[in-house]
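# Report on the structure
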Amino acid sequence: MNAEFEKLAILLRERVAVIADHDFRDRDPQAHLEKLKTVSEAILAEQAALADKIPFRLGHFLENCSYEKALAFIESPTSTKC
């Protein structure tokens, strides 16, 4: 993984985990939504901070909110070539 995108990868993993946490969602829907909103805003902020460094394909995934694909791209050993 490209070290430049480590923080973005952490945020993407966190978002995937929040979405997958059905117990949290069922127990406290409002808090779950707030957590999802917070991590999504952090992803957008990190995306903006890295705007000039993001490869085209990764940018495409992020712009389309394909966050699992974006995470797979970042974690791919060949991601810096695209």
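In the block above lies the structure referred to throughout.
Residues numbered from 1 in each chain as written. Predicted model: local features only at pLDDT ≥ 70, side-chain atom pairs only at ≥ 80, totals over all residues. Heavy atoms only, no water.

## With respect to helix α5 (residues 67-75)
Short version of the rule: Exposure is judged per residue with a 1.4 Å probe applied to protein chains only, and the accessible area is read against the type maximum: over 50% gives exposed, under 20% gives buried, and values in between give partly exposed. Starting at the N terminus, helices and strands are each numbered in turn, a helix being any DSSP run of H or I of at least four residues and a strand any DSSP run of E of at least two. Note that the arc is defined by the directions from the helix axis to the C-beta atoms.
Of all the positions in α5, only Y67, A70, L71, F73 and I74 are classed as buried. All buried residues of α5 project into a common sector of 160 degrees when viewed along the axis, lining one side. When the buried face of α5 is taken as reference, the exposed residues oriented beyond 90 degrees from it are E68 and K69.

## So, helix α1 (residues 6-20)
Under the convention used in this document: Expected helix span is taken as 1.5 Å per residue step, with the number of steps being one fewer than the number of residues. Any two residues having at least one pair of non-hydrogen atoms within 4.5 Å are treated as being in contact.
Across its 15 residues, α1 extends 21 Å between first and last C-alpha, which sits within 8% of the 21 Å expected from 1.5 Å per residue. Along α1, the residues that are buried comprise L8, A9, L11, L12, R15 and V18. In this structure, the buried residues of α1 make contact with α3 (29-49), α4 (56-63) and α5.

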